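Analysis of the macromolecular model
What follows is the residue order along each chain.
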Amino acid sequence: MSNNVFAEANAPYDEAQFVIYGVPFDGTSSFRAGSRWAPDAMRKASYNFETYIPEFDVDLEDVPTHDMGDCDTYVSVDETLEEVYCLTKGIVNAGKIPIMMGGEHSLTYPCVKAFPKGTGFVVLDAHLDLRPEYRGVKYNHACVSRHVIEELTDKYVSIGVRSGPREEWKFVRDHPEYRFYTSDDVCAKGIEAILQEIDIYLSGCDRIYLSLDMDAVDPSFAPGLGTPEPFGMTPRDVRSVIRHLAPLAAGFDVVEISPEYDCGEITSVLGAKLIRDFIAAKWKSMP
Ligand code: MN
Ligand code: MN
């Protein structure tokens, strides 16, 4: 367990509506590892901010949030994912909202699995992550969306994508029942128009799980990444997505930050800020 706690996440577990936890695991990361250091980097960065979020008239000191520390991790991917699943399932069954700080993107799969079938999935990512397996590992971070689509949801939206092999782009064309918005689409159409389309697409959904792979953001705004990909989204557009979808989201994660490559703490600060924005937007929408 970490000694460090995310700012204003001091409520006892039993009273908390939001439960934050880290998963310091980057075992399948292909290009540059190091996302294991991101949970504590975001915790540290979270003390940079005022507790009051003016856009929502919410003070995070008034929002019951608990940081339960870090999930146990193992050398084995499968064992680590099982541990994340059990921990997340416990939070979901207790009627609370899990906020997972990765670690790498493979960790999102067990978080989504902890929710009832029929939960929609919205992901912000530079990468399609649609491979059936990568380097012999099924639950590799490059495969997370494929397994979520095939095993966990019928409603899938991806925003900010701009990278993947030919077969993955063919998968996109072959599956018009899912929604893929590239970062160029976001630039051309504007995020508000895309959010309106997504609202219509998700109108039958009771709830979604929202996942932020930080490399959705352009690396000039978020240099501390495992797999940086230029021509990405602006932090403002990412924030618009999070604020807009938070009321429908029953769970959230921020993954793939690699603090070793961060220039100072730019990316960890952004990750911590977006978690705080998610909490404020979600809290404001709760009865
Ligand atoms: Mn990803
Ligand atoms: Mn990615």
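Here the structure is shown first, and the text comes after it.
A brief report on the enclosed structure follows. Treat the numbers as computed from the prediction; the structure is a model and nothing was measured. (Residues numbered from 1 in each chain as written. Chains lettered and ligands numbered in written order. Predicted model: local features only at pLDDT ≥ 70, side-chain atom pairs only at ≥ 80, totals over all residues. Heavy atoms only, no water.)

1. A look at helix α1 (residues 38-45)
Put simply, the rule reads: When accessible area is computed with a 1.4 Å probe and restricted to protein chains, residues below 20% of their type maximum are described as buried, those above 50% as exposed, and intermediate ones as partly exposed. Every helix listed is a DSSP run of H or I at least four residues long, and every strand listed is a run of E at least two residues long, numbered separately from the N terminus. In this description, contact between two residues means that some pair of their heavy atoms is separated by no more than 4.5 Å.
With six of its eight residues buried, α1 lies for the most part within the structure. For α1, every residue scored as buried is listed here: Ala38, Pro39, Ala41, Met42, Arg43 and Ala45. Contacts made by the buried residues of α1 are with β1 (18-23), β4 (65-70), β5 (97-102), β10 (249-255) and α9 (266-285).

2. A look at the coordination of the manganese ion (ligand 2)
Formally: Metal sites are built from N, O and S donor atoms within 2.8 Å, or 3.2 Å for Na, K and Ca, and they leave out water, so they may look incomplete.
The coordination sphere of the manganese ion (ligand 2) contains the protein donors Asp125 (OD), His127 (ND1), Asp213 (OD), Asp215 (OD) and Asp215 (OD), at a distance range of 2.2 to 2.5 Å. Each donor residue of the manganese ion (ligand 2) belongs to the same chain, with the gaps between them written as D-x1-H-x85-D-x1-D. Separating the manganese ion (ligand 2) and the manganese ion (ligand 1) is a distance of 3.3 Å, and Asp125 donates to both of them. Note that Asp125 is positioned in the loop between β6 (120-124) and α4 (144-151) and Asp213 in strand β9 (residues 208-213), a separation of 88 residues in sequence. Each member of the pair, Asp125 as well as Asp213, is classed as buried.

3. Description of unusual backbone geometry
In this structure, the amide linkage connecting Gly102 to the following residue, Gly103, adopts the cis form with an omega of 20 degrees. We note that Asp129 has phi near 50 degrees; this positive angle belongs to a residue other than glycine. Considering the arrangement of structural elements, one finds Asp129 in the loop between β6 and α4.

4. Topic: the packing of aromatic side chains
Defined as follows: We call Phe, Tyr and Trp rings a pair once their centres come within 6.5 Å, taking the six-membered ring for Trp, and we label the pair stacked below 30 degrees between planes, edge-to-face above 60, and tilted otherwise.
Throughout the structure, instances matching the rule amount to seven aromatic pairs. Measuring from ring centre to ring centre gives 6.0 Å for Tyr156 and Tyr178, while their planes differ by 80 degrees; the resulting arrangement is edge-to-face. Separated by 22 residues along the polypeptide, Tyr156 in strand β7 (residues 156-161) and Tyr178 in the loop between α5 (166-174) and β8 (179-182) bring together distant segments of the chain. Residue classification places Tyr156 among the buried positions, given a relative accessible area of 0%. Judged by its relative accessible area of 12%, Tyr178 falls in the buried class. Ring geometry for Tyr156 and Phe180: centres 5.6 Å apart, planes at 50 degrees, overall tilted. With a gap of 24 residues between them, Tyr156 in strand β7 and Phe180 in strand β8 connect regions that are remote in the sequence.

5. What about the side chain of His141?
Structurally, His141 can be placed in the loop between β6 and α4. Contact partners of His141, with chain neighbours within four places excluded, come to Thr28, Ser29, Ser30, Glu104, His105, Ser106, Asp129 and Glu256.

6. Quick look at the layout of surface pockets
Keep this limit in mind: We place a 1 Å grid over just the protein atoms. Points where a 1.4 Å probe fits but has no way out form a cavity, open points with protein on both sides within 12 Å along at least 5 of 7 lines form a pocket, and any residue with an atom within 4 Å of a point lines it. Grid points are joined across faces, edges and corners, and a volume is the space filled by probe spheres set on the points. For this classification, the nonpolar set comprises Ala, Val, Leu, Ile, Met, Phe, Trp, Tyr, Cys and Pro, the charged set comprises Asp, Glu, Lys and Arg, and every other residue, Gly included, is treated as polar.
Approximately 210 Å³ is the volume found for the largest pocket. If you trace the largest pocket, you find 16 residues lining it, with Ser30, His127, Asp129, Arg131 and Ala142 closest to the centre. Within the lining of the largest pocket, the residues separate by chemical class into four nonpolar, six polar and six charged.

7. A closer look at empty space enclosed by the protein
A full pass over the atoms with the stated rule returns one cavity of 30 Å³ or more. Reported here for the largest cavity is a volume of approximately 30 Å³. Around the largest cavity sit Phe6, Ala7, Glu8, Ala9, Leu60, Thr65, Arg276 and Ile279, which together line it. When grouped by side-chain class, the residues that make up the lining of the largest cavity number five nonpolar, one polar and two charged.

8. Focus: the environment of Ile91
Positionally, Ile91 belongs in helix α2 (residues 77-93). Along the primary structure Ile91 and Tyr13 are separated by 78 residues, whereas in three dimensions their C-alpha atoms are 9.5 Å apart.

9. Quick word on the nonpolar core
Formally: Among the buried residues, those of types Ala, Val, Leu, Ile, Met, Phe, Trp, Tyr and Cys that are joined through side-chain atoms within 4.5 Å form a nonpolar core.
Formed by 92 residues in total, the largest nonpolar core has its most connected members in Ile159, Met214, Ile275 and Phe278. The element contributing the most residues to this core is α9, with eight residues. Look past the residues within four positions of Met214 in its chain and what remains in contact with it is Ala222, Leu225, Val254, Val255, Glu256, Ile257, Thr267, Leu270, Gly271 and Leu274.

10. Some thoughts on the environment of Arg276
Tracing the sequence through the fold places Arg276 in helix α9. The spacing of Arg276 and Tyr178 is 98 residues in sequence and 29 Å in space, taken between C-alpha atoms. Not counting residues up to four positions away in its chain, the partners in contact with Arg276 are Phe6, Ala7, Glu8, Ser46, Phe49, Glu50, Thr51, Ile53 and Leu60.

11. Comments concerning the pairing of β8
Remark: a regular strand shows side chains that alternate across the two faces of the sheet. Worth spelling out the cut-off: Between any two strands, at least two bridges found by DSSP are needed for them to pair. Seen with its strands pointing away from the viewer, a crossover is right-handed if its path from the first strand over the helix to the second goes clockwise.
Of the strand pairs in this sheet, β7 and β8 are connected by four bridges, and their pairing is parallel. In the strand pairing of β8, Val157 is matched with Arg179. In this fold, β7 hands off to α5, which returns the chain to β8; that crossover is right-handed.

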